[in-house]
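As a plain string of letters, each chain reads:
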Amino acid sequence: MSGDGMANAEPAQGVITARAAGLIGCAECGRVHRRDVPLCTVCGAPLQSRDTASLQKVWAWLFAGMVVYIPANVYPMLRTSTFGNTSDSTIVGGVLELVDHGSYGVAFIVFFASVVIPISKFIAIAYLAYRVQTGKRGHARHLHLYEVVEFIGRWSMIDVFVVAILSALVQLDFVATINPGIAAVSFALSVAFTMVSANSFDPRLIWDTREGTPA
Amino acid sequence: MTDSLANMIACPKCDALHRIPHVEKGARARCVRCDTVLMAPRDGAMTRIVMLSATGLILMIGAVFFPFLELNVQGLGRKSSVFDAVLAFSDGLMLPLSFAVAALIVVLPIMRFMALIYVFAPMALGWQPARGAREVFRLAEVIRPWAMAEIFIIGVAVALVKVAGLATVTLGPAFWAFVLLVIVTALKDSFMCRVTVWQTLNQRRV
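How each quantity is defined
Residues numbered from 1 in each chain as written. Chains lettered and ligands numbered in written order. Predicted model: local features only at pLDDT ≥ 70, side-chain atom pairs only at ≥ 80, totals over all residues. Heavy atoms only, no water. Helix = DSSP H or I, 4+ residues; strand = E, 2+ residues; numbered from the N terminus. Buried < 20%, exposed > 50% of the residue type's maximum accessible area, 1.4 Å probe, protein only. Contact = heavy atoms within 4.5 Å. Core = buried A, V, L, I, M, F, W, Y, C linked by side-chain atoms within 4.5 Å. Buried area = accessible area lost by both parts, 1.4 Å probe. Salt bridge = Lys/Arg side-chain N within 4 Å of Asp/Glu carboxyl O. Polar contact = N/O pair within 3.5 Å; in protein donor to acceptor, adjacent residues only side chain to side chain. Domains from an automatic or database assignment. Pairing = 2+ DSSP bridges. pLDDT = per-residue confidence, 0-100. Axes fitted to C-alpha atoms, helices over the stretch in contact; angles between N-to-C directions. Phe/Tyr/Trp six-rings, centres within 6.5 Å; stacked < 30°, edge-to-face > 60°.

**Q** Just checking my understanding: could you explain the overall build of chain A for this structure?
**A** Within chain A, the secondary structure is distributed over six helices and seven strands. Looking at chain A as a whole, 50% of its 215 residues are labelled buried. Put simply, 64% of the contacts in chain A that link residues at least 6 apart link residues at least 24 apart.

**Q** Help me out: how do you make sense of the nonpolar core in this one?
**A** By size, the foremost hydrophobic cluster in this structure holds 130 residues, and its most contacted members are M157 and F161 of chain A together with F68, F89, F120, F152 and F178 of chain B. Broken down by element, this core gets its largest block of residues, 13 residues, from helix 4 (residues 95-124) of chain B. Discounting residues that sit within four places of it in the chain, F68 of chain B has contacts with A63, S80, S81, V82, F152, V156, T170, L171, G172, A174, F175 and F178 of chain B. With seven residues, the next largest nonpolar core counts A18 and L23 of chain A together with L5 and L17 of chain B among its residues.

**Q** I would appreciate a short explanation of the interface of chain A and chain B in the present structure.
**A** Interfaces are often described in size by the accessible area the parts lose on coming together. Of the residues lining the interface, 79 residues belong to chain A; the matching set on chain B comes to 68 residues. Both sides of the chain A and chain B interface together cover about 6600 Å² of buried area, and 70% of this is carbon and sulfur. Taken together, the links from chain A to chain B amount to two salt bridges. Among the ionic pairs, R154 of chain A bridges to E150 of chain B, the shortest N-O distance being 3.1 Å. Linking chain A with chain B are eight residue pairs in polar contact (both at pLDDT 80 or more). Considering every element that reaches the side of chain A that touches chain B, the biggest residue donor is helix 5 (residues 158-169) of chain A, with eleven residues.

**Q** Help me understand the domain arrangement of chain A in this model?
**A** Residue and element names in this part refer to chain A. With domains assigned, chain A is organised as domain 1 (1-49) and domain 2 (51-210). Each of domain 1 and domain 2 has a C-alpha centre, and the two are 34 Å apart. For the pairing of domain 1 and domain 2, the buried interface totals around 360 Å² over both sides, and the portion due to carbon and sulfur atoms is 27%. It is R19, Q48 and S49 that lose the most area in domain 1 upon contact with domain 2, and together they represent 78% of the buried surface on that side. Scanning the region where domain 1 abuts domain 2 turns up zero salt bridges. The interface formed by domain 1 and domain 2 holds two residue pairs in polar contact (both at pLDDT 80 or more) in total.

**Q** Can you help me understand the side chain of S156 of chain A in this one?
**A** All names here are of chain A. Locating S156 in the fold gives a position in the loop between helix 4 (140-152) and helix 5. Look at S156 and you get buried, because its relative accessible area is 2%. Side-chain polar atoms of S156 contact the backbone oxygen of A113, separated by 3.1 Å. Other than its neighbours up to four places away in sequence, S156 contacts A113, I117, P118, F187 and V191.

**Q** What is the right way to read the pairing of strand 5 (residues 69-73) of chain B from this model?
**A** On a regular strand, one side chain projects to one face of the sheet and the next to the other, so that they alternate. Residues and elements named next belong to chain B. Going residue by residue along strand 5, you find L69, L71 and V73 tucked away on one face and E70 and N72 left uncovered on the opposite face. Of the pairings in the sheet, the one linking strand 5 to strand 6 (residues 76-80) comprises five bridges and is antiparallel in character. If you follow V73 over to strand 6, its bridge partner there is L76. Judged from the four bridges that link them, strand 5 and strand 7 (residues 168-171) form a sheet pairing that is antiparallel. Paired with L71 across the two strands is V169, which belongs to strand 7.

**Q** What exactly am I supposed to notice about the confidence of the model for chain A here?
**A** Do not read the predicted coordinates in detail wherever pLDDT is low. With 89% of its residues at a pLDDT of 70 or more, chain A has an overall mean of 81. Low pLDDT (under 50) marks residues 1-7 of chain A, which in the prediction has eleven contacts with non-local residues, meaning those over four places away or in another chain.

**Q** Help me understand the sheet that holds strand 6 of chain B, please; the structure alone is not making it clear to me.
**A** The strands making up a sheet associate through backbone hydrogen bonding, with each pair oriented either parallel or antiparallel. Across the sheet, three strands lie side by side as 6-5-7 (chain B); this open sheet has antiparallel pairing. Strand pairing shows two members of the sheet lacking a second neighbour, strand 6 and strand 7 of chain B, which therefore form its edges. Adjacent strand axes in the sheet meet at a mean angle of 15 degrees when their direction is disregarded. Where helix 5 of chain A meets the sheet, it contacts strand 5 and strand 6 of chain B, and its direction lies at approximately 135 degrees from that of strand 6 of chain B.

**Q** Could you clarify how one ought to interpret the sheet that holds strand 4 (residues 78-82) of chain A in this entry?
**A** Residue and element names in this part refer to chain A. Spatially, the four strands line up as an open sheet ordered 5-4-7-6, and their pairing is antiparallel. The open sheet is flanked by strand 5 (85-89) and strand 6 (171-172), the only strands paired with a single partner. Inspection of the sheet shows strand 6 paired to strand 7 (residues 176-180) by two bridges, in the antiparallel sense. Across the sheet, residue L172 finds its bridge partner in strand 7, namely A176.

**Q** Even after reading the chapter, I still don't get unusual backbone geometry, so can you show me in this structure?
**A** With glycine set apart, most residues show a phi of negative sign, and most peptide bonds adopt trans. For D15 of chain B, which is not a glycine, the phi torsion comes out positive at approximately 75 degrees. Within the secondary structure layout, D15 of chain B lies in the loop between strand 1 (8-10) and strand 2 (17-19).

**Q** Whenever I open this one, the packing of aromatic side chains confuses me. Can you help?
**A** Applying the stated criterion across every chain yields a total of eleven aromatic pairs over all chains. Look at Y69 of chain A and F187 of chain A: their rings are 6.2 Å apart centre to centre, the planes differ by 45 degrees, and that puts the pair in the tilted class. Of this pair, Y69 of chain A sits in helix 1 (residues 54-74) while F187 of chain A sits in helix 6 (residues 183-200); the two residues are 118 residues apart in sequence, bridging distant segments of the chain. Classification of Y69 of chain A as buried rests on a relative accessible area of 9%. Residue classification places F187 of chain A among the buried positions, given a relative accessible area of 1%. A centroid spacing of 5.2 Å and a plane angle of 75 degrees characterise the contact between F137 of chain B and W198 of chain B, whose relative ring orientation is edge-to-face.

In structure tokens form, the structure reads like this:
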């Protein structure tokens, strides 16, 4: 209807949720079912009005991710040997090295992907889960925060790939060798755990407390 | 009752109920409460997804087996392929990480391309959905966040800068195959709207 090609879906009597109407909406495909239907007839996904175990899973995976993030920063990520000298570098050490070389742009990318994203992700997931748990009102901006977390989390894997590429490429015997450090494993685990944590969050929980209150 | 349920849609992100609107090809319908895109039908989307997935598969084969990067220091040279990057963690304790890297940059992207071709090829030809199309498409959606080919490319760029001072690095054909792969993946995902796909799959079912 409008020029920008957007047509808003028509709300059924203001905003009413499937749950308030005594129905279940499929989280996968949006199909609406009666309460006694166990599996979605369109996509076959198990139907649940809300994932009740969601928060438990979120907290468990989040803590696991935070715990393995500690060794990821303490232990070396890369072990570089040039002409017989071996040096270890941690995640932050690698960033400082890049700054020393004057590659500020790349230093920023690595710092952002390996430090800023993981830590803000921990905070964001904890904040969202805490709000839901304490029954605070949710708004569209909380869903957007969740979507950003979901979208950006995977990019933290960059550093693990960098280590893999460098270790594969720089194997020149005495001149230069780069080998992966144990932190690569714990960092990869940390990223994976927080991704699972974010995926376990049921975004429909964000809105729930609004339902009883008049809009 | 069942009939009226079929005319409604619940937003997968916030559970708000909507009557299914009529959406023109190329337009989008968004959720009134949280602005999530509910429906976005596109002309020929299915055909495009199949073609882009097939392109992706072919590029992936090239990307894995052709040399990826070549390093030269004082006469010493070394070529490495994506396969070598996967094997970088292959000793001892880090072996599981080798498997994980292989899965993230090669296996899962390939699985996703194959799954999408399986689901969309019969639909693009106007046939009935293939057997098990629902399960296969759900699997493809589960895999989506774990297919990290595009992140690998950024990793390569960072690695290049790190070794630039140490040696001369030449980009191999596989690097460019990977770059194309990333573009193809992004294009393909932009044509795909999950709810629309499910609605189409449902209509075509016997």
